[in-house]
Amino acid sequence: MNNIVKIILAGGFLGAGKTTLLLKASQHLLSRGKNVGLITNDQAPELVDSVLLVNNGLNVEEVSGSCFCCNFNGFIDAVQKFNIDKTVDYIIAEPVGSCTDLSATIVQPLKQYWSDKIGIAPLSVLADPERLASILDGGDAGLHADAAYIFRKQLEESDMIVINKIDLLPAAQLDDLANKTKQAYPDSIVMSVSALTGEGIDAWLDEVICRNDSGNRLIEVDYDKYANGEAVLGWLNGTVALSGETTDWDKFIITFMNELCARFEKDALPIGHVKAILENNENTVVVNFTGGISTMTVRGSASSGDACRLTINARVETTPENLDAMVRTVLNAHSESFTCTEVAWKFLMPGYPAPTYRFDTIVSL
C-alpha cells in the first residue's frame, strides 16, 4: 500500500440506511477533493447496495459470502485493492446489518496489525429512529428477541451512535430521542443525520475524520443468541433479467414491492429489510421497505422499455425456503407480461459466526 488510508466503519442494523449514508458521504468527500473507496458486505453476492453505488460512479469492492469479522483477510484484501489499483484517501466500509462484536473482531485487529498503514475512525453505528426508540423503551423494535439483541449489542459497542432519518422527525422528538440515547449509552458520542437529504453528514464526517480513538470498548456477546438472531431471518439475494412488451418499469417495481410487502404483512412476518434495484440501461429505480408499506421509499426512475435487470435482497423472519417461495410467487404473478430469466439466485440461513480474530483486550495506539 502506497499511503495511509483512513477506514470509516459504518455499521448498524438492517434498514438503518447505511447504503444511503455511504452514497451521500462519498459525494460530500468527493466535493472536498478527496478520493473515496467503498466496501460493501453480505452473506451472499448480488447486492443491491453494490449495484446502486457503482451506478453512481463510485469505487466499490464487495466482500460477500460472509461478514467482515468471519473473513477478515477478505476485508483486508478489499482494502489493499483500493490503494494498489485506485489510490484513495478514505474507505467507508459497511458491515452486514446483522453483525455485531466489531470492536473485538475488526477494530482491534486493525489496530494491532495495520495501524502503521491504516487510520481507523471511531466505530459508527447508524440507527433507524423508530427502531431505536423501541429499543430504548425496552421493546424489540418489531424483531425477534434475539435479532433485537444484536441491535442492542451494536449500540453498546459503538464509539458513535448516529441517529439517521432525522428528516422524518420533528425537532422536539429528535432532541428527546438523542437525550435518551445519550443517557442509555453515555460512553458513545451521539450524532444525528439525514442520509437522504445530507443534513448532518458534513458534521459526522468532520468528527470521524479527525478522531482516531476507535474501538474504545469490548462487549460480552452470547454467540448462541447472536447466531440465532441472524438465523431467524431468511436471506435472499437474486437477480433476474426481464424482457417482453414495453413496460412502465417504475410502475412494475412499485407494484411488485407492494405485493411482496402485503404478503409478508398477511403472514405477520417481521421484516429486517427488503430492497430492490431495477436497471433499464442507464435508468435505475430503487425501492426499499423495512416494515409495512408505510416504510416504503422509492428513489430514481427506470422509465419504460422492453427489457430490464432486477436485483432484490430480502431479510425476513421466516425460513429461507419460504422466503424464496414467496418472492418467486409474487414475481411469477407477472409472468404473462414478460420473460423472466434467472441471472443469479441464492437463499440461505447464515451460519454460526466464526470470527477470524476476537480480541479480549483493547489495543492501545
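Relevant structure appears above.
1. Observations concerning the packing of aromatic side chains
Within the structure shown, the criterion is met by 12 aromatic pairs. The interplanar angle of 20 degrees and the centroid separation of 5.8 Å between the aromatic rings of phenylalanine 13 and phenylalanine 151 together place this pair among those described as stacked. With phenylalanine 13 in the loop between strand 1 (5–12) and helix 1 (18–31) and phenylalanine 151 in helix 6 (residues 145–157), this pair connects stretches of sequence that are 138 residues apart. Assigned by exposure class, phenylalanine 13 and phenylalanine 151 land together as buried. The ring of tyrosine 149 is capped by lysine 225, whose NZ or CZ atom sits 5.0 Å from the centre of that ring.

2. Topic: the nonpolar core
Residues Ile39, Phe75, Ile106, Leu110 and Leu155 are the most contacted members of the largest nonpolar core, which totals 57 residues. Beyond its immediate sequence surroundings of up to four residues, leucine 155 is in contact with Val125, Ala127, Leu132, Ile135, Ile161, Tyr185 and Ser188. Membership of the second largest hydrophobic core comes to 33 residues, among which are Cys261, Ala276, Leu278 and Phe338.

3. As for the pairing of strand 3 (residues 59–64)
Summarising the sheet, strand 2 (residues 36–42) and strand 3 pair through six bridges and their orientation is parallel. Looking at the pairing, leucine 38 lines up with valine 60 of strand 3.

4. Re the side chain of serine 194
As for its position among the elements, serine 194 is in the loop between strand 8 (189–192) and helix 8 (201–210). For serine 194, a relative accessible area of 0% gives the class buried. Among the polar contacts listed, one links the side chain of serine 194 to the side chain of aspartate 167, at a separation of 2.7 Å. Beyond its immediate stretch of four places on either side in the chain, serine 194 contacts Asn164, Lys165, Ile166, Asp167, Glu199 and Ile201.

5. Description of the sheet that holds strand 10 (residues 271–280)
Taken in spatial order, the six strands of this open sheet run 12-11-10-13-9-14, and their pairing is antiparallel. Two strands close off the open sheet at either side, each with one partner strand: strand 12 (297–301) and strand 14 (338–348). On average, adjacent strands in this sheet sit at an angle of 10 degrees to one another, irrespective of strand direction. Bridging between strand 10 and strand 11 (residues 283–289) involves seven bridges; their strand directions are antiparallel. Bridged to glutamate 279 within strand 11 is threonine 284.

6. Some points on the environment of valine 221
Topologically, valine 221 is positioned in the loop between helix 8 and helix 9 (223–231). We classify valine 221 as buried; its relative accessible area is 13%. The sequence separation of valine 221 and threonine 100 amounts to 121 residues, and the corresponding C-alpha distance is 8.6 Å. Leaving out residues up to four positions away in the same chain, valine 221 has contacts with Asp101, Tyr149, Tyr226 and Arg358.

7. Describing the packing of helix 1 against helix 8
Between helix 1 and helix 8, the least distance of the axes is 10 Å, while the angle of their chain directions is 80 degrees. What the angle tells us is that helix 1 and helix 8 run roughly perpendicular. Contacts from Leu21, Lys24, Ala25, His28 and Leu29 of helix 1 reach helix 8 at Ile201, Asp202, Trp204, Leu205 and Ile209. Its residues assigned to classes, the contact of helix 1 with helix 8 shows seven nonpolar, one polar and two charged.

8. A short note on the packing of helix 5 (residues 129–136) against helix 7 (residues 171–184)
Put simply, helix 5 and helix 7 touch, their axes get as near as 11 Å, and they point 50 degrees apart. With respect to helix 7, the axis of helix 5 lies oblique. For the element pair helix 5 and helix 7, the recorded crossing hand is left-handed. For the pair helix 5 and helix 7, the contacting residues are Pro129, Leu132, Ala133 and Leu136 in the first and Leu177, Lys180, Thr181 and Ala184 in the second. A per-class count over the contact of helix 5 with helix 7 returns six nonpolar, one polar and one charged.

9. As for the pairing of strand 2
Among the seven residues in strand 2, seven count as buried, and that is most of the element. Here strand 2 shows a buried face lined by Val36, Leu38, Thr40 and Asp42 and a second buried face lined by Gly37, Ile39 and Asn41. Pairing analysis gives four bridges linking strand 2 to strand 4 (residues 90–93), with the strands arranged parallel. Looking at the pairing, isoleucine 39 lines up with alanine 93 of strand 4. Between the parallel pair strand 2 and strand 3, the chain is carried across by helix 2 (residues 48–55), and the sense of this crossover is right-handed.

The rules behind these values
- Numbers given to residues run from 1 along each chain, matching the order in which its sequence is written.
- Two thresholds apply to this predicted model, a pLDDT of at least 70 for residue-level local features and 80 or more for giving and counting side-chain atom pairs, whereas whole-chain, interface and lining totals are computed over all residues.
- Here the side-chain values reflect all heavy atoms present in the structure, with hydrogen atoms and water set aside.
- For Phe, Tyr and Trp, rings pair up if their centres lie within 6.5 Å, where Trp contributes its six-membered ring, and each pair is then called stacked (planes under 30 degrees apart), edge-to-face (over 60) or tilted (otherwise).
- Helix and strand assignments follow DSSP, with helices taken as H or I runs no shorter than four residues and strands as E runs no shorter than two, numbered in order from the N terminus.
- Each residue is assigned to one of three classes by its accessible area relative to the maximum for its type, calculated with a 1.4 Å probe on protein chains only: buried under 20%, partly exposed between the two thresholds, exposed over 50%.
- A ring is considered to have a charge above it if a Lys NZ or an Arg CZ atom is located within 6 Å of its centre and within 35 degrees of its normal.
- We call a set of buried residues a nonpolar core when its members are Ala, Val, Leu, Ile, Met, Phe, Trp, Tyr or Cys and they connect through side-chain atoms within 4.5 Å of each other.
- Two residues qualify as a contact provided that any one of their heavy atoms is within 4.5 Å of a heavy atom in the partner residue.
- Criterion used throughout: strands pair if DSSP finds at least two bridges between them.
- Pairing of N or O atoms within 3.5 Å defines a polar contact, subject to two protein rules: one partner must be a possible hydrogen donor and the other a possible acceptor, and residues neighboring in sequence count only if both atoms are side-chain atoms.
- Simply put, an axis is a line fit to the C-alpha atoms, just over the touching stretch for a helix, and the angle between two N-to-C directions goes from 0 to 180 degrees.
- Small angles under 35 degrees read as roughly parallel and large ones over 145 as roughly antiparallel, with 65 to 115 read as roughly perpendicular and the rest as oblique.
- In this classification, Asp, Glu, Lys and Arg are treated as charged, Ala, Val, Leu, Ile, Met, Phe, Trp, Tyr, Cys and Pro as nonpolar, and every other residue, Gly included, as polar.
- The handedness criterion is simple: a crossing whose near helix is rotated anticlockwise from the far helix by less than a right angle is left-handed, and one whose near helix is rotated clockwise is right-handed.
- A clockwise course of the path from the first strand over the helix to the second, judged with the strands pointing away from the viewer, identifies a crossover as right-handed.

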